[in-house]
Amino acid sequence: MANTYEDFLQTVATEHVDFVNQMHEIFMENGCKIEVKDAKQGYVVTYSYMKEKKRIALMNYVFRKSGMMARIYARNVSIYQSTLDLLPESMKKNIIKAGDCKKLTGVSECSPTCTAGYDFHMDGENYKKCKNSAFFWLINEESKEDTKKMIENELKLAEVD
């Protein structure tokens with residue numbers, strides 16, 4: 001039997017349920033698809049959209065010992081990168097400590113199927129970060145609004161089919 005959104009929602013901490021429901025509505029209103037899979041420490045929930053007959057991941061919720069985290073695939077971050085300067089310091093620290101993109105830095109080869117990471121500026125510094133770790137942070141009161149804003153920016157720019 002397939003996992004459902006309701007299965008996932010039952011594992012979300014009470015203080016995050018309203019946020020998760022609000023985000024779910026935003027994704028659904030914009031034609032996104034949800035996929036809920038079992039993982040070692042809970043569910044992995046992926047929201048994606050279709051573009052040119054290809055499914056494009058937009059965000060994952062994953063569970064870690066520290067709590068529920070969001071991974072945003074911010075393909076269009078260079079267009080709205082000035083908003084990164086406004087992020088709380090804790091979120092900026094996560095971005096800075098994220099791994100550099102091997103393809104963009106030319107340091108070494110990444111997987112041949114990798115579409116490369118993100119090249120953007122934050123606080124006057126240029127970053128070339130891996131798409132899997134650049135925008136990956138704990139969901140808490142400090143990160144919720146900025147997570148929502150990034151997703152809204154991505155959806156505006158995604159040109160969903």
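Residues numbered from 1 in each chain as written. Predicted model: local features only at pLDDT ≥ 70, side-chain atom pairs only at ≥ 80, totals over all residues. Heavy atoms only, no water.

What follows deals with the nonpolar core. Counting 43 residues, the largest nonpolar core has Phe8, Val20, Tyr61, Phe120 and Phe135 as its most contacted members. The set of elements that each furnish at least two residues to this core consists of helix H1 (5–9), helix H2 (17–29), strand E2 (42–51), strand E3 (54–64), strand E4 (67–72), helix H3 (89–97), strand E5 (118–122) and helix H5 (144–158). Ignoring sequence-local partners within four residues, the contact set of Phe135 consists of Ala70, Arg71, Ile72, Ala74, Val77, Leu84, Ile95, Tyr118, Phe120 and Met150. (Core = buried A, V, L, I, M, F, W, Y, C linked by side-chain atoms within 4.5 Å. Buried < 20%, exposed > 50% of the residue type's maximum accessible area, 1.4 Å probe, protein only. Helix = DSSP H or I, 4+ residues; strand = E, 2+ residues; numbered from the N terminus. Contact = heavy atoms within 4.5 Å.)

Further remarks concern the pairing of E2. Sheet analysis places strand E1 (residues 33–39) next to E2, joined by seven bridges and oriented antiparallel. Across the sheet, residue Lys37 finds its bridge partner in E2, namely Val44. Counting the residues in the hairpin turn of E1 and E2 gives two residues. In terms of strand pairing, E2 meets E3 through seven bridges, oriented antiparallel. In the sheet register, Thr46 faces E3, and the bridge partner there is Asn60. (Pairing = 2+ DSSP bridges.)

Along the chain, Asn76 falls in the loop between E4 and H3. A distance of 3.1 Å separates polar atoms of two side chains, one belonging to Asn76 and the other to Glu154. (Polar contact = N/O pair within 3.5 Å; in protein donor to acceptor, adjacent residues only side chain to side chain.)

Taking 1.5 Å per residue as the helical rise, H5 with its 15 residues ought to reach 21 Å, and the 21 Å between its terminal C-alpha atoms agrees with that figure. Those residues of H5 hidden inside the fold are in contact with H2, E2, E3, E4, H3 and strand E7 (136–138). Looking one or two places after H5, you find Glu159, whose phi comes out positive at around 55 degrees. (Expected span 1.5 Å × (residues − 1).)

This prediction gives the protein a mean pLDDT of 93; 98% of its residues lie at or above 70. Looking at the elements of the protein, mean pLDDT is at its lowest for helix H4 (residues 102–105), recorded as 87, and at its highest for H2, recorded as 98. (pLDDT = per-residue confidence, 0-100.)

Attention now goes to H3. Along H3, the residues that are buried comprise Met91, Lys92 and Ile95. Down the axis of H3, the buried set is contained in an arc of 100 degrees. They therefore lie on one face. Turned more than 90 degrees off the buried face of H3, the exposed positions are Glu89, Lys93 and Lys97. Those residues of H3 that are buried lie in contact with E5, strand E6 (125–129), E7 and H5. (Arc of directions from axis to C-beta.)

A word on the side chain of Ser48. By secondary structure assignment, the location of Ser48 is in strand E2. Overall, the relative accessible area of 6% leaves Ser48 in the buried class. Engagement of the side chain of Ser48 in a polar contact is seen with the side chain of Arg55, the distance being 3.1 Å. Residues within four places of Ser48 in sequence aside, it is in contact with Cys32, Lys33, Arg55, Ile56, Ala57 and Leu58.

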